[in-house]
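Listed below are the residues making up each chain.
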Amino acid sequence: MVSALLIDAINDPTKVVQELYEEHAGNVDEFPAVVARHFADVFLKSDDTLREVLPLDVNHPPESFAHRSLVRFHGMVQDTSSSPEMYLANLNENKCGGWGISQSIPASEWPSSFDYCDLKEATALWAVTVPGQTAWRTEELTTPSRSSSSSSESPPQPHKFPVPSAPHIGVQVKIYDNEAAQSLKTTDVVTFIGILTSESLDPESESASAQMVPSLHVLCYQVQTTGDVLPKEELATTRDDLIKWIADEALGGDEVAAQWLVLELSAKVYARATPLLPPSLTLSRFPSPAPSSSLPTLHHILSDLLPQYLTVPLSLDLLNKENFSPESKDEDLHSGYLQLPHGSTLLLTENDVREGKLVEKGIMNIKAVQEVMDAQTLEYSFPFSKFSFPTDIVTIVLCEGRKSAFFQTGFTIPLEIKPSLEADLYKQRDQIKLPDTVKLAAYRSFLAAAKQCFGTVQVAEETSRHIQEDFVRQRQEDPSITADNLIHLMKVARLLAASMLEREVTIDIWERSKRLDASRKKRAS
């Protein structure tokens, strides 16, 4: 049953705000929090009520909505550096002035004089479509019943989207509950519910030529969290099935490489003080396609498995010209390929790299990628300073040679392809043998569950003693073995445990990790 509060809020959110204002007259300081609580109670209690609000996305662009429509925008916070915007909270006849209402009324209705205590600030942000959000994840978030109409207009501020020339929505976001807004950071993925208008980027400009952009006056919002996953028992056989499917469809039948890929996809940032970070992975000896523009089958497979995933086909031209790191120009933060939400997976292909020269920008871009791989930080450049911001990006490199031409990755796995399956490395999407809907959903749940496990994997006391004794024995047999070798194997063991949905490294998992890493080294030798 759809509640009356829900219907009222959808049909005329401005009226609901005004009615709330009249109920809480005289308390302009607390009112933004009252609005946020009310609309959160109406819309954020369940996915069903959230989906009652029409989505703002590339298939439902700003121009398809009437002025001051209620919309929801699932986006990434791209820029938090804008100055707060002043607004008059209280208008004539006890009318509310926030949420874009004061900009929508004629000047004759403005008070001739006002109390300066009624001047308040709204936090202003810039948000964009979630970069790398895959099609199936977008479908999960979209109301299927509403017809779509792709935009014929170019998005405003295209330099603020990480992927050049990609279709997206960019929105100026205004949050009136300032205390709550302080917790929002760049690359946060947020679902905003608010009133959509079109306003100038510069509210103080009186020029008729001032750029108008979509503006979302936020009523409530929620930051994306990890979703529920299937119980472990229901995913027991999923791991082996997933490895075989990836190997047969995308890796030339190489199940060892597919297992290392699944280990890589099981990782996430868990701790920074004592670093427990995702390793990076190179799949080497990966043949180049016949037509140089072809995407590897692995691109389509990962798009079907992961909610946030991006492929960047590297070339000298791209490295030398495009931005990988955000940079502030004229007090406006330009984005770059690496400004991605936490939990993203990045596939870098080197097959289009030819002989040539890297200019300074290309070298800086490679350094930025390496910094993400090694430390999970990304440097933002400002006119007089640089700041590093935390990332959580799993990075996979495909290269034709024995190792990456540009990057030092945590693991390098030379691909061993069955000759009969080499052509399958570059299949079109419609040529891929997809599992049924239930099994594909299980694969997605399995990878989400593995990421959850990674940060909680412990080493039992008995296993810890076994590892210490094992390490001492290996040192005696081979003096070249160092503590770094132990740290490396511990990382493999944690990844293997997580990929088995185990929260503890057992002696069996430790021994399996040693064999798995030994087979990798043998390939690379």
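Coordinates for the structure precede this section.
Every value quoted in this text rests on a predicted model; they were computed, and no experiment measured them.

### A look at helix 12 (residues 360-375)
At step 1: Between its first and last C-alpha atoms helix 12 spans 22 Å; for 16 residues at 1.5 Å apiece the expected length is 22 Å, and the two agree.
At step 2: Residues of helix 12 that are buried: Gly362, Asn365, Ile366, Ala368, Val369, Gln370, Val372 and Met373.
At step 3: Where helix 12 is buried, its residues touch helix 11 (316-321), strand 13 (344-349), strand 14 (377-382) and strand 16 (393-398).
At step 4: Positive backbone phi, approximately 55°, marks Gln376, located one or two places after helix 12.

### Focus on the sheet that holds strand 10 (residues 309-313)
Two pairing modes exist for strands in a sheet, parallel and antiparallel, and in both the strands are linked by backbone hydrogen bonds.
At step 1: On the basis of which strands lie adjacent, the open sheet formed by 5 strands has the order 10-13-16-9-17 and parallel pairing. Of all the strands in the sheet, just strand 10 and strand 17 (411-414) have a single pairing partner and so form its edges. Between one strand and the next, the sheet's axes are offset by a mean angle of 20°, whatever the strand orientation.
At step 2: Pairing analysis gives 4 bridges linking strand 9 (residues 281-284) to strand 17, with the strands arranged parallel. Looking at the pairing, Leu283 lines up with Ile413 of strand 17.

### Quick word on the pattern of salt bridges
At step 1: Applying the stated criterion across every chain yields a total of 24 salt bridges.
At step 2: Between Asp29 and Lys120 there is a salt bridge; the shortest N-O distance is 2.5 Å. Pair noted here: Asp29 is in the loop between helix 2 (13-23) and helix 3 (31-43) and Lys120 is in strand 5 (residues 119-129), with a separation of 91 residues, a long-range link.
At step 3: Given a relative accessible area of 57%, Asp29 falls into the exposed group.
At step 4: By relative accessible area, Lys120 is classed as buried at 19%.
At step 5: Between Asp470 and Arg473 there is a salt bridge, with the nearest N and O atoms lying 2.8 Å from each other. Residue Asp470 and its partner Arg473 are both found in helix 14 (residues 461-477); the two are separated by 3 residues, about one turn of the helix.
At step 6: The class for Asp470 is buried, based on a relative accessible area of 2%.
At step 7: Linked through salt bridges whose partners overlap, the residues forming this network are Asp470, Arg473, Glu511 and Lys514.

### Description of the nonpolar core
At step 1: The biggest cluster of nonpolar side chains holds 60 residues, and the ones touching the most others in it are Leu242, Trp245, Ile246, Leu251, Leu298 and Leu305.
At step 2: At 9 residues, the largest contribution of residues to this core is made by helix 13 (residues 437-454).
At step 3: Leave out the neighbours within four places in its chain, and Leu298 touches Ala250, Leu251, Leu261, Leu283, Tyr309, Leu347 and Leu398.
At step 4: Counting 31 residues, the second-largest nonpolar core is a separate cluster that includes Ala9, Leu20, Tyr87 and Cys96.

### Regarding helix 13
At step 1: The end-to-end C-alpha distance of helix 13, which contains 18 residues, comes to 26 Å, matching closely the 26 Å that a straight helix rising 1.5 Å per residue would cover.
At step 2: Those residues of helix 13 lying buried are Leu440, Ala442, Tyr443, Arg444, Ser445, Phe446, Leu447, Ala449, Ala450, Lys451, Cys453 and Phe454.
At step 3: Looking at the packing, one finds that the buried side of helix 13 touches helix 6 (135-141), helix 8 (238-250), helix 9 (255-265), helix 10 (297-305), strand 16 and helix 15 (483-499).
At step 4: Regarding helix 13, its N-cap is Asp436, as a side-chain oxygen of that residue lies 3.1 Å from the backbone nitrogen of Val438 further along.

### Description of the side chain of His74
At step 1: Tracing the chain through its elements places His74 in strand 1 (residues 69-79).
At step 2: Residue class for His74 comes out buried when judged on its relative accessible area of 14%.
At step 3: A distance of 2.9 Å separates polar atoms of two side chains, one belonging to His74 and the other to Thr191.
At step 4: Among the polar contacts made by the side chain of His74, one reaches the side chain of Gln224 at a distance of 3.4 Å.
At step 5: Setting aside its immediate chain neighbours within four residues, His74 contacts Val130, Gln133, Leu141, Val189, Val190, Thr191 and Gln224.

### Points about unusual backbone geometry
At step 1: For Asp330, which is not a glycine, the phi torsion comes out positive at approximately 55°.
At step 2: Mapping Asp330 onto the fold places it in the loop between strand 11 (327-329) and strand 12 (332-334).
At step 3: In this structure Asp330 comes out as exposed when scored by relative accessible area, which is 76%.
At step 4: Despite not being glycine, Glu331 shows a phi value in the positive range, around 60°.
At step 5: Of note, Glu331 is situated in the loop between strand 11 and strand 12.

### Brief notes about the state of the cysteines
At step 1: By the definition in use, this model includes 0 disulfides.
At step 2: Looking at Cys220, it has no disulfide partner, and the nearest cysteine sulfur is the one in Cys96, 15 Å off.
At step 3: The class of Cys220 is buried, set by a relative accessible area of 3%.

### Brief notes about the packing of aromatic side chains
At step 1: Taken as a whole and assessed by the stated rule, the structure comprises 13 aromatic pairs.
At step 2: Ring centres of Phe324 and Tyr337 lie 5.1 Å apart, and the angle between their planes is 55°; on these two criteria the pair is classed as tilted. Of the two residues, Phe324 sits in the loop between helix 11 and strand 11 while Tyr337 sits in the loop between strand 12 and strand 13, which places them 13 residues apart along the sequence. Both residues of the pair, Phe324 and Tyr337, count as buried.
At step 3: Through a chain of ring-to-ring contacts, three or more aromatic side chains come together here, namely Tyr21, Phe31, Tyr87, Trp99 and Tyr176.
At step 4: One cation-aromatic arrangement involves Arg444 over Trp136; the distance from NZ or CZ to the ring centre is 4.0 Å.
At step 5: Taking NZ or CZ as reference, Arg520 lies 5.9 Å from the ring centre of Trp260, over its face.

### Here we look at the packing of helix 15 against helix 16 (residues 507-524)
At step 1: Closest axis-to-axis distance for the helix 15/helix 16 pair is 9 Å, and the angle between their directions is 115°. Relative to helix 16, the element helix 15 is oriented roughly perpendicular. The hand of the helix 15/helix 16 crossing is right-handed. The residues of helix 16 that touch helix 15, namely those facing Asn485, Leu486, His488, Leu489, Met490, Val492, Ala493, Leu496 and Ala497, are Ile509, Trp510, Arg512, Ser513, Lys514, Asp517, Arg520 and Lys521.

Criteria and thresholds
Residues numbered from 1 in each chain as written. Predicted model: local features only at pLDDT ≥ 70, side-chain atom pairs only at ≥ 80, totals over all residues. Heavy atoms only, no water. Helix = DSSP H or I, 4+ residues; strand = E, 2+ residues; numbered from the N terminus. Expected span 1.5 Å × (residues − 1). Buried < 20%, exposed > 50% of the residue type's maximum accessible area, 1.4 Å probe, protein only. Contact = heavy atoms within 4.5 Å. Pairing = 2+ DSSP bridges. Axes fitted to C-alpha atoms, helices over the stretch in contact; angles between N-to-C directions. Salt bridge = Lys/Arg side-chain N within 4 Å of Asp/Glu carboxyl O. Core = buried A, V, L, I, M, F, W, Y, C linked by side-chain atoms within 4.5 Å. Polar contact = N/O pair within 3.5 Å; in protein donor to acceptor, adjacent residues only side chain to side chain. Disulfide = S-S within 2.5 Å. Phe/Tyr/Trp six-rings, centres within 6.5 Å; stacked < 30°, edge-to-face > 60°. Lys NZ or Arg CZ within 6 Å of the ring centre and 35° of its normal. Parallel < 35°, antiparallel > 145°, perpendicular 65-115°, else oblique. Left-handed = near helix turned anticlockwise from the far one by under 90°.

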